[in-house]
Amino acid sequence: MERKLASVVVIDDLQPIAGADLIEVATVKGWKLVVKKQEFRIGDHAVYCEIDSFLPEKDEFEFLRKSSFRKMGDQSGFRLKTMKLRGQLSQGLLLPVTVLNGYAYTLGEDVSAILGIVKYEPPVPASLAGMAKGNFPIFIPKTDEERIQNLSAEYEAYKKESFYVTEKLDGSSATFYFRDGEFGVCSRNLDLLETADNTFWKVARLLDLPMRLTALGKNIALQGELIGEGIQGNPYGIKGQTARFFNAFDIDAYAYLPLNDFRELMDEFGWEHVPILDEAFTLPDTVDELLLAAEGNSALSPAGKHVEREGVVIRSADKRISFKVISNKFLLNEN
Ligand code: ATP
Ligand code: MN
Ligand code: MN
């Protein structure tokens, strides 16, 4: 699922900010952001650009230069980040629909391409980028997760469900599979060629995955997060690199293994899974409360050190429902 970085939304609410005369806080789905007073009214349509949007250097976005100018490879533009203004958390940008120049939009439509907005991606070291053998296999789901702020319409219904909660680790997505006699290693979007210095393949060999997945004798994929030196600044202070798994996928049945079967598989081979924080979690009253619950110390913090976790991934036991809740504390410290 591609992220809808910029889409047409309805402004759900506008509230004053204590002590601020010129700005107010808007609510869009589960997102809060600071806007200029008088610019919007509740119920207005607007274009909402999510955090991580990378906007082109066009006149209409020049007002972002001071706060948001960034280079991304050989491109330059404006990157939207989580901010705090007058003590108010602000995530993303609202633009009047007039930026679409009369384009006949529908509500919810992704207008990123019309505005020239792409996702901001930090530079990736060559050892993690790798060389493509092919695209990500179609017989395994990708590891993307939706953000809870974009699921506010479903939130009430989700309150009836019981979930398990794992820590979202800040590394690089990895998928290892065995299918019809072939072992493969994938990054988030690519099936990777085996090379001596590719980190995904190094970890696969380190954990003996080619041998062991083959020995299982069934078509299966393991999905996890690559963490350690050279990956996302190695927040957990790990020596070398390893993987922490979050899913096993039965390729022939096209279904994830239930949590218990997954854990048994991990234990059997001495593989590690992501930290499991709760196995019978029900959602709090509001998305805002859930966002607070996502903040906290990482289970992988070195002793005596606080490492703010990236957030949590919340799933129903049958994995029908799955989403991420990113810690706003983590996002405020991101550079
Ligand atoms: P972005 O939202 O900017 O695309 P992201 O790195 O958060 O970036 P998502 O696809 O949105 O990526 O979130 C899901 C990713 O989170 C997975 O691809 C996986 O690599 C990673 N991840 C880390 N820990 C977990 C976990 N416990 N459960 C599931 N996914 C996890
Ligand atoms: Mn994503
Ligand atoms: Mn990530």
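- Under an unreviewed UniProt entry, the name given to the chain is RNA ligase (ATP), and the organism recorded is Chitinophaga fulva.

**Some details on a negative patch on the surface**
Argument step 1. A contiguous patch of negative charge on the surface is contributed by Asp261, Glu264, Asp267 and Glu268.
Argument step 2. Residue position: glutamate 268 is located in helix α7 (residues 259–269).

**Quick look at the pattern of salt bridges**
Argument step 1. Inspection of every chain in the model, using the stated rule, returns 23 salt bridges.
Argument step 2. Among the ionic pairs, lysine 32 bridges to aspartate 288, the shortest N-O distance being 3.5 Å. Here lysine 32, found in strand β4 (residues 31–36), pairs with aspartate 288, found in helix α8 (residues 287–294); they are 256 residues apart in sequence, far enough to count as distant.
Argument step 3. In this structure, lysine 329 engages glutamate 295 in a salt bridge whose closest nitrogen and oxygen atoms are separated by 3.7 Å. One end of the pair, lysine 329, is in helix α9 (residues 328–333); the other, glutamate 295, is in the loop between α8 and β23 (311–316), with 34 residues separating them in the sequence.

**Topic: the site of ligand 1**
Argument step 1. Around ligand 1 sit 20 residues, and of these Thr143, Glu167, Lys168, Glu225 and Lys324 come closest.
Argument step 2. A distance of 2.6 Å is found between an oxygen atom of ligand 1 and a side-chain nitrogen or oxygen belonging to threonine 143.
Argument step 3. Within the side chain of lysine 168, a nitrogen or oxygen atom sits 2.7 Å from an oxygen atom of ligand 1.
Argument step 4. Coverage of ligand 1 by the protein chains reaches 91% of its 610 Å² of free accessible surface.
Argument step 5. Secondary-structure elements contributing two or more residues to the shell around ligand 1 are β15 (163–168) and β23.
Argument step 6. In terms of residues, the shell around ligand 1 owes the most to one element, β15, which gives 3 residues.

**What to know about the sheet that holds strand β7 (residues 69–72)**
Argument step 1. Read from one edge of the open sheet, 4 strands run β7-β8-β6-β12, paired in antiparallel fashion. Looking along the sheet, the strands with just one partner apiece sit at the ends: β7 and β12 (118–119).
Argument step 2. Looking at chain direction, strand β6 (residues 53–56) and β12 are connected through 2 bridges and run antiparallel. Note that in β12 the partner of serine 53 across the bridge is lysine 119.

The rules behind the values
- Residues numbered from 1 in each chain as written.
- Chains lettered and ligands numbered in written order.
- Predicted model: local features only at pLDDT ≥ 70, side-chain atom pairs only at ≥ 80, totals over all residues.
- Heavy atoms only, no water.
- Patch = residues over 30% accessible without salt bridge, like charges linked within 9 Å, V, L, I, M, F, W, Y side chains within 5 Å.
- Areas by Shrake-Rupley, 256 points an atom, 1.4 Å probe, with all protein chains shown as cover.
- Salt bridge = Lys/Arg side-chain N within 4 Å of Asp/Glu carboxyl O.
- Lys, Arg positive; Asp, Glu negative; His and termini not counted.
- Charge placed at Lys NZ, Arg CZ, Asp CG, Glu CD.
- Helix = DSSP H or I, 4+ residues; strand = E, 2+ residues; numbered from the N terminus.
- Near = heavy atom within 4 Å.
- Polar contact = N/O pair within 3.5 Å; in protein donor to acceptor, adjacent residues only side chain to side chain.
- Pairing = 2+ DSSP bridges.

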